[in-house]
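Single-letter residue listing:
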Amino acid sequence: MKKNPPRWASKLLEWWGDPETAEEVQGDLLELYAYWAETVGEREARWRYGLSVLKLMRPLAKWKETESSTPFFLRPDMIRNYLKIAWRNLVLHKAFTFINIIGLAVGMATCLLIVLFVTHELSYDRYHAKSDRTYRMTIYGQIGGKEIKAAQVSVPAGPTLAHDYAGVEMLTRLTPDGTFIVKQGPNSFKEERVVFADSNFFEVFSIPLLKGNRKTALLEPNTIVLTETVARKYFGEQDPIGQSLKLGNRGVFRVTGVCQDVPANTHFHYDMFGSLRSIQLRDTWLSSGILTYIVLQPGYSIHQLEVKMPEMIKKYVGPEVQQLLGMSLSDFNQKGNRFEFRFQPITDIHLHSDYEGEIEANSDIKYIYIFSLIAVFILLVACINFMNLATAGSAGRAKEVGIRKVLGSLQKQLIGQFLSESVLVTMLSLIGALLLVWAALPVFNQLTGKEFGLSEITGGWMLPGILLTSLLIGLLAGSYPAFFLSAFKPVSVLKGSIRAGFKSGWLRNLLVTIQFAVSIGMIIGTMVVYQQLQFIQNKKVGFEKDQVLILHDTYTLGKQINAFKTELKKLTPVLNVTLAGYLPAGATNNGTDGFQPDNGDPQATVYREKSYYIDEDYLPTMGIKLAQGRNFSKAFLSDSVGILVNEAAVKRFGWKKPIGQQLWRIGNGNPDSHRKFTVVGVVKDFHFESMHQHIAPLVMFYGSDNFQMALRIRTENLPELLKMVEQRWKAQTDNPFAYSFLNDRFNKMYRSEQVVSQLFGIFAGLTVIISCLGLFGLAMFTAQQRTKEIGVRKVLGASVASVVALLSKDFLKLVLVAILIATPIAWYAMNRWLQDFAYKIDLAWWVFALAGLLAVLIALLTVSFQSIKTALVNPVKSLRSE
Amino acid sequence: MKRAFLGEFEEVVLLTVAVLDESAYGVTITQEIEQKTGRAVGFSTVHTTLQRLEEKGYLSSKMSGATAERGGRRKRFFTVTTAGRKALMEVKNIREQLWDALPPQTLQLMGG
């Protein structure tokens, strides 16, 4: 028969039992085990043995504890006691607790929102299964001294790369083709998010197909895959597979698949994916491009492809350069020109890429840095409040600490107590912060254009992360008071020889200074951003942006467009009408062409400049002024080879007398497109791109682009006019009627700056509020501390004003120091920010002065509320206290 | 000093030690209580009670000489001290006084 008790239990007893009685207990149990095994069976015996051992383990076996020993400082009993005392203390000092909790809660809430935003921005395109191996091919070029960075590369570049060189596992291309009026039965909608993609699109990008075959859905021409939402929009609950849609002038498409909606954190958000075979592509290297993505084979580095690029360019691009420009590639390069293919990881696109031909306006890593910094600042300011109030409050707690120590508390236990107090406050603040986030989420979403829900906060690692961070904040913020207070010597504290709370003055002063430096910096930032925004929106742009109505998608009118235009012109409130596919703000066609001044030298420098196609009504409608020469006119037949240029172009080409100068357009390789044009007029510079760029040279051809129509109007009764225009539109076509105003479109261009300005304002406000809360608490405290002193002073004849001054001047000194620190830093930072604008304000000294003054005023207001209250107290009362 | 209170289980353990005389140690006490009272007693409970009684001064203990059984571990033998005997007597006296004070008819009703 087995006579051995369970080994684990014996070991436990050895380790955890009381050493003093270990021997007899082990012996007794061993003997009992044998007895049990005989009387009640081995099973039961093992059970009883184990149970006895567990009961005898020290933390549960109480018998060895005597009254005089000190309990372990993390015992459950002690922790319960810490929390109870902490709670009583918090309730006792309601005002401070309130200030602490509100300050921290606001700080944490802001921080949480920013973390949400930043993690979302950083998550872009990381969900694709092969995101670490997927790259986008780009063009880097230098032509005529101008740098070109294009997101779209030559149509044959991708396939050639995959065919000629090893290492490319997959290649997919997509090309947006403008907006479409999509018809399905009687319904028609305007769709802006349409793209044509290679058949392996859904294998490169991890967007799951809900219906249809991932591999074959986009193989045939005129097939299309819809997102879930769009499929429902057109077909409701019907099965969309096999149904057909008419896409504008691209004909009828058969639906072959339904995919999930493109996740928000993707650098494109298309709703419809047509097969690339449905459209014609121009198979040349030096003309408009296509978005090309490659997936590297595992184990290959992108560098191995990059070094092959010069060779590929020489082989394929060389001949085209020769044909188009009449010079060899090496001559082309010799003139300082460049043409290179580069690669960027897709995970970099959203934050690091601002190329020509991006699918969507990308964000900027700069803002991620700025917001992260703000989050850290706000949290810092809130934590500083907490520390300051705790150390300031130490005067009141010094006696408590002294008594506790006399009664036998160890430093460790006191630290435990102070830390549990601060952790309790942080946890309460966390609850407040979560409530605040919940309340602020809709506004925040609207501001940032994101769609965060509560699930983002509670889901995944966020909640444990938040809890852990809060705990850490509590421990960190509580650590200074905890170590500082618990180190008091009971004798000196109880004798009253330590005036605790004033000793730590320098640290508190430092912290207040930091708080105010941050606040002042944020105030300056807000003012500068706001000023710059005002400057942009009110700057003369060179065209009249008010009272211009834009009608969208007028190309759907087809041949009737001219009749429609004439009809609109007859309306009295309409002063002028132009076909305006090219517009200086909002949706517009974009064109660039290569130009060579005609000065007899076939090897003359090639320039790549922006180009517009306009009709003779464009300049008057838009209110663009002529500097020299004349506008296009129907009266001159030769105007078909005439061009208008802007002043920047005159400068670029170096013309003294621009009128009559001639310019070759390089074209796209078609013999027709290589033509010579004569300058008939020069327009004054106008901002046809955002203020981030200097006004670039612009060449305007005589023609028209029916993409949109612009109406110069003068009316008080806009709804009436819109109704009239809509009636006439409806008479022509059943396509949806859509319009916008030029000034709205112009303002939208600076949306990201507006958002930044608003967020900056909000954050600055919050920082100031939190800082003031802290200052208020401190002032309250000093006032309490000096009650007696003030009483004595008043008895001796001090005036209220002098007492207020006495109490306020210490704080004002700190704010002044903060101004000195914040000004140069803010000046540097805002200067950097302004560098992004070609047209910017000068940083005026008064901005800094105003911010400083504001800070002083706010601080004074906060402090004086307390000071005056204290100064007004009857000295009899204050001297009688205690 | 306040008279130490003797709990019911403490009383049983103290009595058992007295009954066992020279041979009272953890195992025998546990077994004795089990057999006499017929209730399952945990060793840990007995052990804790013994410790407490010793702390109160009702028991004294001595380690035995080494033995070959139980892995060579020694036993701790308990004896009742004078204070322990006094406490037991006191409890007994109180009980007897109470029994004596019981009215005869009640005694009859209880089957005595």
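Counting restarts for each chain, with residues numbered from 1 along the sequence as it is written. Ligands are numbered from 1 and chains lettered from A, in the order in which they are written. With the structure being a predicted model, the display of local features is reserved for residues of pLDDT at least 70 and the display and counting of side-chain atom pairs for 80 or more, all residues being used for whole-chain, interface and lining totals.

S.K.: Before we move on, could you go through the overall build of chain B and cite the residues and values that matter?
M.R.: Summing up its helical and strand segments, chain B has five helices and two strands in all. Numbering of helices and strands starts at the N terminus; helices are DSSP runs of H or I of at least 4 residues and strands are runs of E of at least 2. Reading chain B from its N end, one meets helices and strands in the order α-α-α-β-β-α-α. In terms of overall dimensions, chain B is more spread out than a globule: its C-alpha atoms have a radius of gyration of 17 Å, far above the 13 Å expected for 112 residues. By principal-axis analysis of the C-alpha atoms, chain B measures approximately 60 × 35 × 20 Å. We call two residues in contact if the C-beta atoms placed from their backbones are at most 7 Å apart. Counting only contacts in chain B whose residues sit at least 6 apart along the sequence, the fraction spanning at least 24 positions is 45%. Atoms counted for the radius of gyration: C-alpha only. Globule rule: 2.2 Å times residue count to the power 0.38.

S.K.: Hey, could you go over the overall build of chain A for me, with residue numbers and the actual values?
M.R.: Across its full length, chain A holds 29 helices and 24 strands. By the compact-globule yardstick of 29 Å for 882 residues, chain A is too spread out, its C-alpha radius of gyration being 38 Å. Overall size of chain A, expressed as C-alpha extent along the three principal axes, is 115 × 100 × 60 Å. In chain A, 82% of the contacts between residues at least 6 apart in sequence involve partners at least 24 apart.

S.K.: Can you tell me about the UniProt feature "domain: ABC3 transporter permease C-terminal" (unreviewed entry) in chain A, naming the residues and giving the values?
M.R.: UniProt feature "domain: ABC3 transporter permease C-terminal" (unreviewed entry): in the numbering of this structure it lies at residues 373-486 and 762-870 of chain A. Annotated as residues 762-870 of chain A, this span is 86% helix and 0% strand, and its ends, taken at the C-alpha atoms, are 33 Å apart. UniProt positions are given in the numbering used here, feature names are shortened, and annotations may be inferred rather than shown by experiment.

S.K.: Quick one: what's the story with the pairing of strand β6 (residues 194-197) of chain A, residue by residue and with numbers?
M.R.: Residue and element names in this part refer to chain A. Paired strands, as defined in this entry, are two strands with at least two bridges between them according to DSSP. Examined bridge by bridge, strand β3 (residues 168-176) and β6 share three bridges and lie antiparallel to one another. Among the inter-strand pairings, Leu 174 is bridged to a residue of β6, identified as Ala 197. Note: β6 against strand β11 (residues 272-275), four bridges, orientation parallel. Looking across to β11, one finds that Phe 196 is bridged to Gly 274.

S.K.: An account of the confidence of the model for chain B is needed here, citing residue identities and associated values.
M.R.: Residue and element names in this part refer to chain B. Here pLDDT means the predictor's own confidence in every residue, given as a number from 0 to 100. Residues with a pLDDT of 70 or more make up 95% of chain B, whose mean pLDDT is 84. When the elements of chain B are averaged for pLDDT, helix α5 (residues 104-109) gives the smallest value, 78, and strand β2 (residues 76-80) the largest, 91. Predicted complex, confidence summary: ipTM 0.83, pTM 0.71.

S.K.: Any details on the packing of helix α19 (residues 505-538) of chain A against helix α25 (residues 751-785) of chain A? Residues and values, ideally.
M.R.: All names here are of chain A. All axes are obtained by fitting lines to C-alpha atoms, using only the stretch in contact for helices, and the reported angles, taken between N-to-C directions, cover 0 to 180 degrees. Remark: α19 packs on α25, axes separated minimally by 9 Å, with the N-to-C direction vectors making an angle of 155°. Classified by the interaxial angle, the pair formed by α19 and α25 is roughly antiparallel. Handedness of the crossing formed by α19 with α25: left-handed. Oblique is the label for any angle not under 35 degrees, not over 145, and not in the 65 to 115 range, which are roughly parallel, roughly antiparallel and roughly perpendicular in turn. Helix crossings get a hand from a simple test, with the near helix turned counterclockwise from the far one by less than a right angle marking a left-handed crossing and a clockwise turn marking a right-handed one.

S.K.: So what about the interface of chain B and chain A? Which residues, and what values?
M.R.: Residue-level contacts link 18 residues of chain B with 16 residues of chain A. Among the elements of the structure, α2 (26-37) and α3 (43-56) of chain B are those that each provide at least two residues to the side of chain B that touches chain A. Top element by residues in the side of chain B that touches chain A is α3(B). It accounts for six residues.

S.K.: Report on the UniProt feature "domain: Transcription regulator PadR N-terminal" (unreviewed entry) in chain B, specifying residues and quantitative values.
M.R.: As annotated by UniProt and renumbered to match this structure, "domain: Transcription regulator PadR N-terminal" (unreviewed entry) occupies residues 19-89 of chain B. Annotated as residues 19-89 of chain B, this span is 51% helix and 14% strand, and its ends, taken at the C-alpha atoms, are 14 Å apart.

S.K.: Account for the environment of Val376(A), naming residues and giving values.
M.R.: Position of Val376(A) relative to the elements: it lies in helix α13 (residues 365-392). Along the primary structure Val376(A) and Glu20(A) are separated by 356 residues, whereas in three dimensions their C-alpha atoms are 54 Å apart.

S.K.: Got a sec to walk through the sheet that holds strand β24 (residues 739-741) of chain A? Specific residues and values, please.
M.R.: All names here are of chain A. An order of β15-β23-β14-β24 is seen for the four strands of this open sheet, with the pairing classed as antiparallel. Every other strand in the sheet has two partners, leaving β15 (574-579) and β24 as the edge strands with one partner each. On average, each strand axis in the sheet is tilted by 20° relative to the strand beside it, whichever way the strands run. Looking at chain direction, strand β14 (residues 548-551) and β24 are connected through three bridges and run antiparallel. If you follow Leu 551 over to β24, its bridge partner there is Tyr 739.

S.K.: How would you sum up the confidence of the model for chain A? Please name residues and give values.
M.R.: With 96% of its residues at a pLDDT of 70 or more, chain A has an overall mean of 84. This model gives residues 61-68 of chain A a pLDDT under 50, and the stretch forms eight contacts once residues within four places in sequence are excluded.

S.K.: Requested: an account of the nonpolar core, with residues and values cited.
M.R.: Residues and elements named next belong to chain A. Core analysis: the largest hydrophobic core is formed by 110 residues, its most contacted members being Ile 643, Val 645 and Leu 711. With residues near it in sequence (within four places) discarded, Leu 711 still touches Val 548, Leu 549, Leu 568, Val 574 and Val 577. The term nonpolar core means buried Ala, Val, Leu, Ile, Met, Phe, Trp, Tyr and Cys residues held together as one set by C-beta atoms within 7 Å. Every C-beta atom is placed from the backbone, and the number of other C-beta atoms within 10 Å of a residue's own sets its class: buried at 20 or more, exposed at 12 or fewer, partly exposed in between. Membership of the second largest hydrophobic core comes to 97 residues, among which are Ile 384, Ile 524, Leu 778 and Phe 811.

S.K.: Can you tell me about helix α8 (residues 228-235) of chain A, naming the residues and giving the values?
M.R.: Residue and element names in this part refer to chain A. Where α8 is concerned, the buried positions are Val 230, Ala 231 and Tyr 234. For α8, the angular spread of the buried residues around the axis is 100°, confining them to a single face. On its buried face, α8 sits against β4 (180-184), β5 (187-191), β8 (223-227), β9 (244-247), β10 (252-259) and β11. One or two positions beyond α8, positive phi appears at Gly 236, with a value near 60°. Within this analysis, the arc is defined by the directions that extend from the helix axis to the C-beta atoms.

S.K.: So, unusual backbone geometry: which residues are in play, and what are the values?
M.R.: A positive phi is found at Asn222(A), a non-glycine position, where the angle reads about 55°. Its place among the elements puts Asn222(A) in the loop between β7 (209-211) and β8. A positive phi is found at Asp21(B), a non-glycine position, where the angle reads about 55°. Residue position: Asp21(B) is located in the loop between α1 (8-20) and α2.

S.K.: Please set out the pairing of β14(A) residue by residue, giving values where relevant.
M.R.: Residues and elements named next belong to chain A. The alternating pattern of β14 places Val 548 and Ile 550 and Leu 549 and Leu 551 on opposite faces, both of which are buried. Bridge analysis of β14 against strand β23 (residues 709-713) gives four bridges, and the strand direction is antiparallel. Residue pairing in the sheet places Leu 551 in a bridge with Met 709 of β23.

S.K.: If you had to explain the environment of Leu102(B) to someone new, which residues and values would you point to?
M.R.: Structurally, Leu102(B) can be placed in the loop between α4 (82-100) and α5. Taking the C-alpha atoms as reference points, Leu102(B) and Phe9(B), 93 residues apart in sequence, are found 25 Å from one another.

S.K.: Outline the packing of helix α2 (residues 22-39) of chain A against helix α3 (residues 42-56) of chain A, supporting the account with residue identities and numerical values.
M.R.: Between two packed helices, both the angle of their axes relative to each other and the distance between the axes serve to describe the pair. Residues and elements named next belong to chain A. Relative orientation of the contacting elements α2 and α3 amounts to 155°, with a least axis distance of 8 Å. Taken as axis vectors, α2 and α3 run roughly antiparallel relative to one another. In the packing of α2 onto α3, the handedness of the crossing is right-handed. Residues Val 25, Leu 29, Tyr 33, Trp 36 and Ala 37 of α2 pack against Glu 42, Glu 44, Ala 45, Arg 48, Tyr 49, Ser 52 and Leu 56 of α3.

S.K.: Break down the environment of Arg52(B) for me, with residues and values.
M.R.: All names here are of chain B. If you trace the backbone, Arg 52 turns up in helix α3. Overall, Arg 52 belongs to the partly exposed group, with 18 C-beta atoms counted inside 10 Å. When the C-alpha positions of Arg 52 and Thr 16 are compared, they lie 15 Å apart, and in sequence the two are 36 residues distant.

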